[in-house]
Amino acid sequence: MIRLVAGLVAILPAIVVFAGAIAGSETPRKRSLLEDLGIKRMFGWPPNAHDVLRLLHEFDMVQLRAAALAEIRGNDQIRQFATEQAARAQQRETAIARLNTFGLLNIDFASDPSLVRRNELAGLQGAVGQAFLSDYLAKQRDDIDDAIGLLRRYLLHPDNDDVRRFAKQQLPVLEETREELLRLQ
């Protein structure tokens, strides 16, 4: 046991240096590896404006693709919910593009969601009936909770006034969405 603790203490400086190197290499054009891996969240570091817009963009891509699946496999309530979420995602995407352009953030947005998100969508594609409904609702709940958590963490220490205003505007919308989702379950 003592050897394990000594080993962990010995590698701790290397971990800190590695995290610092990754943080130092973070640029507007690169994805934040620290945010993607959850390291910022684990250490209580707030996301930056680039993280917020990138992750909300990915959230919106997933919402649009999930809405297409819900249109085919969902019941009336799920289809209506998904359609509303897709419309909100499109509005959010317009605002994100405007912030990126006029805020001179120069973010290179991904054209596809991350591999993890694509796998989640693939799992939804394979589900039908009640399995689809329960998986869809669970994934929506998790995605919305993650987006709300991201915005709350960002609003603790915002680094861009335009993105801060956008986050403050989107937070109640996402909280309302979560309430709608809870009513569906």
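Calculation rules
Per chain, the residues get numbers from 1 upward, laid out in the order the sequence is written. Local features in this predicted model are restricted to residues whose pLDDT is 70 or higher, and side-chain atom pairs enter the listing and the counts only when it is 80 or higher, whereas totals over whole chains, interfaces and linings include all residues. To get the side-chain values, all heavy atoms of the structure are used, and hydrogens and water are removed first. Strands are runs of DSSP state E lasting at least two residues, helices are runs of H or I lasting at least four, and both sets are numbered from the N terminus onward. For each residue, the accessible area found with a 1.4 Å probe, counting protein chains only, is set against the maximum for its type, and the residue is called buried under 20%, exposed over 50%, and partly exposed in between. The contact rule is simple, with two residues in contact once any of their heavy atoms fall within 4.5 Å. What a helix should span is 1.5 Å times the count of its residues minus one. Two N or O atoms count as a polar contact when they lie within 3.5 Å, although within protein this holds only if one can serve as hydrogen donor and the other as acceptor, and sequence-adjacent residues are included solely when both atoms are side-chain atoms. Only buried Ala, Val, Leu, Ile, Met, Phe, Trp, Tyr and Cys residues count toward a nonpolar core, and they belong to the same one when joined by side-chain atoms within 4.5 Å. The predictor reports its confidence for every residue as pLDDT, a score running from 0 up to 100.

(A) Region of interest: the overall build of the protein. Assigned secondary structure in the protein consists of 8 helices and 0 strands. When the helices and strands of the protein are placed in sequence order, the string is α-α-α-α-α-α-α-α. Out of the 185 residues belonging to the protein, those deemed buried represent 39%. A sequence separation of at least 24 residues applies to 71% of the contacts in the protein between residues at least 6 apart.

(B) Helix H4 (residues 49–73), seen in detail. Across its 25 residues, H4 extends 36 Å between first and last C-alpha, which sits within 8% of the 36 Å expected from 1.5 Å per residue. Structurally, the start of H4 carries an N-cap: the backbone nitrogen of His50 is 3.1 Å from a side-chain oxygen of Asn48.

(C) Representation of the nonpolar core in the model. Ranked by size, the top nonpolar core spans 38 residues in total, and within it Leu53, Phe132 and Tyr136 carry the most contacts. Other than its neighbours up to four places away in sequence, Leu53 contacts Ile96, Leu99, Leu105, Ile107, Phe109, Val163 and Phe166.

(D) Examining the confidence of the model for the protein more closely. Model confidence for the protein is summarised by a mean pLDDT of 81, while 82% of its residues fall at 70 or above. Here residues 24–30 is a poorly scored stretch, pLDDT under 50, and it has 16 contacts once near neighbours within four places are set aside; other chains count.

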